[in-house]
Amino acid sequence: MTKPIVVTALLAGLLGGAIGVGGSALLDHQAAPAVPTLSSRPANAVDAGDVKPGSVTYAAKVASASTADIKVQMAQGSAVGSGIVLSSDGYVLTNNHVVAGAGSGSKIVVTTSDGKQYPASVTGTSPSYDLAVIKLDGASGLTAATLGDSDALQVGEQVVAVGSPDSLSNTVTSGIVSALSRTVTAGDETGSGVTVYNGLQTDTPINPGNSGGPLVNLQGQVVAVNSAVDTGQASAGGPQSFGLGFAIPINTAERIANQLLKNGEATKPVLGVSGSLSSSSREDGAKVTVQQGGPAASAGISTGDVITKVGDTPVADYADLMAQVLTYDPGATVPVTIGSGSDARTVQVKLGSSVDKQQTTVPESDGQPEGSRLPFGGNPFGQIP
């Protein structure tokens, strides 16, 4: 339910002023001084139609037109989020965790920027990338978003987020790109690890309800999908973190969305190894167990090897390894470095492919049920808003 915004205005009566002037006139027959009239005249008045690309105002105007509010009504409770309009007839991109609870007996209601509401259904989901596409029933004439190039982003570049935090529709926040490549282990409010992916970091405020909404550059082009926020140790009574939001780069999201639109499902790359966070605690790198007959085994990687780099990106642990692999297309040939120093060697691995049916999670230790490491103590590195 939208929170009401209450404004209380106190009206000051003019009667007392009139009486005061009258009393003064009885004692002084001279004319009372003129009362000034106040007026507002901005020095640089800008008409909405004159807003040009390169400003937060322009980015907000463009992005708001192609942002939708999503509410999933379930048997027990509801989920809220935002979405990015992909087509005039109502295909919308959002986070998987926004619609993950949709099923028999549930109802998805989407409100577009013009205030119209539409029922919607899930076209397809990609749990490993926390992405989903839904279709609005009976929609037409919607404003589709313009997608940008996340590979062209620079640290420090200004960006704008649009969404419905706390059900406050078309809320605009702005900030910068803080980092381009972060391993995000996102969890829900219970602290459970639900997905691992590579995202960009932003200090743009992202709050519950922003999930699935656009992060745009100052040209109004979508450069990422807002998805997670780090709250630090707040849930465990520790310090609260601020300004640590995470978003899925649009170049990744575009590939997944195209597959979901075409096939109703998406694929993800397969390295053919398993591991855990504890097995990498003594040294940088991911110590792996190799799956027989898989891509890693075919490239000459053996059980017990420590992978220290994927492409040109260093790998600190198994979560890093999984996140970096997910940045590549299935079937791509990727240089993988094993070991470090004089013992390092690099092999070329042709990644396999599998249908993305479940989240990519990371076990805390070998033989333990899958779950995420909580590097800040009480909370996951990213929390889905």
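Computed from a prediction, not measured in an experiment: that's the story for all the values here.

## Quick word on the pattern of salt bridges
Turning to step 1, where the next piece is worked out: With the rule as written, the count across this model stands at 4 salt bridges.
Turning to step 2, where the next piece is worked out: A salt bridge links Asp 329 to Arg 255; the shortest N-O distance between them is 3.1 Å. Pair noted here: Asp 329 is in the loop between helix H6 (318-325) and strand E19 (333-338) and Arg 255 is in helix H4 (residues 250-263), with a separation of 74 residues, a long-range link.
Turning to step 3, where the next piece is worked out: In this structure Arg 255 comes out as buried when scored by relative accessible area, which is 16%.
Turning to step 4, where the next piece is worked out: Between Asp 305 and Arg 345 there is a salt bridge; the shortest N-O distance is 3.1 Å.

## Quick word on the pairing of strand E11 (residues 222-229)
Turning to step 1, where the next piece is worked out: Of all 8 residues in E11, 8 are buried, a share of seventy percent or more.
Turning to step 2, where the next piece is worked out: What sits between the antiparallel neighbours strand E10 (residues 214-216) and E11 is a turn of 5 residues, in which Gly 220 has the positive phi angle 85°.
Turning to step 3, where the next piece is worked out: Pairing analysis gives 5 bridges linking E11 to strand E12 (residues 245-249), with the strands arranged antiparallel. When the bridges of E12 are listed, Val 225 appears paired with Ile 248.

## Re the confidence of the model for the protein chain
Turning to step 1, where the next piece is worked out: Residues with a pLDDT of 70 or more make up 76% of the protein chain, whose mean pLDDT is 81.
Turning to step 2, where the next piece is worked out: Ranking the helices and strands of the protein chain by mean pLDDT puts strand E3 (residues 91-94) first, with 97, and helix H1 (residues 15-27) last, with 38.
Turning to step 3, where the next piece is worked out: Across residues 1-27, confidence stays below pLDDT 50; counting only partners more than four residues off in sequence or on other chains, it has 5 contacts.
Turning to step 4, where the next piece is worked out: Every residue in residues 368-383 scores below 50 in pLDDT, and together they form 57 contacts with partners more than four places removed in sequence or on other chains.

About the criteria used
- Each chain has its residues counted from 1, following the order in which its sequence is written.
- Two thresholds apply to this predicted model, a pLDDT of at least 70 for residue-level local features and 80 or more for giving and counting side-chain atom pairs, whereas whole-chain, interface and lining totals are computed over all residues.
- Water and hydrogen atoms play no part in the side-chain values, which are based on all heavy atoms of the structure.
- A pair is scored as a salt bridge if a Lys or Arg side-chain nitrogen falls within 4 Å of a carboxyl oxygen belonging to Asp or Glu.
- What counts as a helix is a DSSP run of H or I of at least four residues, what counts as a strand is a run of E of at least two, and both are numbered from the N terminus.
- Relative accessibility thresholds used throughout: buried, under 20% of the residue-type maximum; exposed, over 50%; partly exposed, between the two (1.4 Å probe, protein chains only).
- The criterion for strand pairing is that DSSP finds at least two bridges linking the strands in question.
- The predictor attaches a confidence to each residue, and that confidence, scored 0 to 100, is pLDDT.
- The contact definition used throughout considers only heavy atoms, calling two residues in contact when any of these lie within 4.5 Å.

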